[in-house]
Amino acid sequence: MIQLHYAPSTAAMAPHILLEELGVPFEKILVDTVQGAHRTEAYKKLNPNGTVPVLVDGDLVLYESAAICLHLCDTHPAAGLAPAPGTAERAHFYKWLIWLTNTLQATLMVYFYSERWVKDGDAVRAAELKAQAELKVGVLLDQLDAELARLKGIYPSPWLVGDKFSAVDAYALMLCRWSRNFASTPARGRPYLGPYLQRVLARPAVVRVFKAEGLAQPWV
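Residues numbered from 1 in each chain as written. Predicted model: local features only at pLDDT ≥ 70, side-chain atom pairs only at ≥ 80, totals over all residues. Heavy atoms only, no water.

A. Geometry of the pairing of strand S4 (residues 60-63). With four bridges joining them, strand S3 (residues 54-57) and S4 adopt antiparallel strand pairing. When the bridges of S4 are listed, Val54 appears paired with Tyr63. Linking S3 back to S4 in an antiparallel pair, the connection comprises two residues, with Gly58 at a positive phi of about 65°. (Pairing = 2+ DSSP bridges. Helix = DSSP H or I, 4+ residues; strand = E, 2+ residues; numbered from the N terminus.)

As C-alpha cells, then:
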C-alpha cells in the first residue's frame, strides 16, 4: 500500500489531494514537525532534507511534492489528473507546475523563513526580507489571477490548464492557502483567483483532505 508521510497544511497537501482524487488505498503517516520528527535519523533515511512529504510506493521512496504529484499522475493515467503526454496542454501543465514550485513556492519560503537568508539574530533584516517577499508573492498572485481572467474568456469555469481539473490545481490551492494571513491582499481576495479557489475547495476529495488534516475553516 502507498504511504504518505505528511504534516497538516504543508507541502504534503497537494499529494494528499491527488491520492483522494484517485481513490486508491493509502496510509497516512503523521510526521510531528512540532516535536521535530522530521529531523530524526529515521525520517532522514527517507528524506535527507528533513522535509515533508515523503511517498513510499513499494520499493520507491520519493520526496519533493511536485515529483510525487507527477509520479501519481503517471502511474494512474486513466484518472486524467494530467493532460496526455505530447500535447500542448501537457506542456502548459509542466509550465504551471514548475512555475508554482520554482517561483511561487520558492518566494513563499522566503516569506515564511526569512531568518534563514540573513545573519543570525538580524531581526530587522529578516523583517525587511519578509516584507519584500510578501510584495513579490502579491505580484505572482496577480499573474495567476490574470491567467484565470484570460481563461475565463474561453471557458465558463476555467482550471489552470483549460477546462479540466488537474494536479496543478491542487498545487495552486495549497500555495494560495499559504497567503491567507497576509497583511496585503491574500489570494482569495483577487477577482478571478478567489472564485477559482472556491471551485477547488468544493471538490469532495479536497473537502476530505482538509477534514482529515484537521484544518479549521475558512480554509483559504
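B. Broad picture of unusual backbone geometry. A cis geometry characterises the amide bond from Val52 onward to Pro53, with omega recorded as 10°. By secondary structure assignment, the location of Pro53 is in the loop between helix H2 (41-46) and S3. A cis amide bond, omega 0°, links Gln217 with the succeeding residue Pro218. Tracing the sequence through the fold places Pro218 in the segment after helix H8 (204-212). Despite not being glycine, Ser9 shows a phi value in the positive range, around 60°. If you trace the backbone, Ser9 turns up in the loop between strand S1 (2-6) and helix H1 (13-22). Phi is positive for Glu64, close to 80°, though the residue is something other than glycine. Mapped onto the fold, Glu64 is located in the loop between S4 and helix H3 (65-75). Judged by relative accessible area, Glu64 falls into the partly exposed class, the value being 48%. (Buried < 20%, exposed > 50% of the residue type's maximum accessible area, 1.4 Å probe, protein only.)

C. Just the packing of helix H4 (residues 88-112) against helix H5 (residues 123-152), in detail. The N-to-C vectors of H4 and H5 enclose an angle of 155°; their axes lie 7 Å apart at closest approach. One way to sum up the angle between H4 and H5 is to call them roughly antiparallel. Helix-helix and strand crossings are classified by hand; for H4 and H5 the assignment is left-handed. Residues Trp96, Trp99, Thr103, Leu104, Thr107, Leu108, Val110 and Tyr111 of H4 lie in contact with H5, whose contacting residues are Leu129, Lys130, Ala133, Glu134, Lys136, Val137, Leu140, Leu141, Gln143, Leu144 and Glu147. Across the contact of H4 with H5, the residue classes tally to 12 nonpolar, three polar and four charged. (Axes fitted to C-alpha atoms, helices over the stretch in contact; angles between N-to-C directions. Parallel < 35°, antiparallel > 145°, perpendicular 65-115°, else oblique. Left-handed = near helix turned anticlockwise from the far one by under 90°. Contact = heavy atoms within 4.5 Å. Nonpolar A, V, L, I, M, F, W, Y, C, P; charged D, E, K, R; others polar.)

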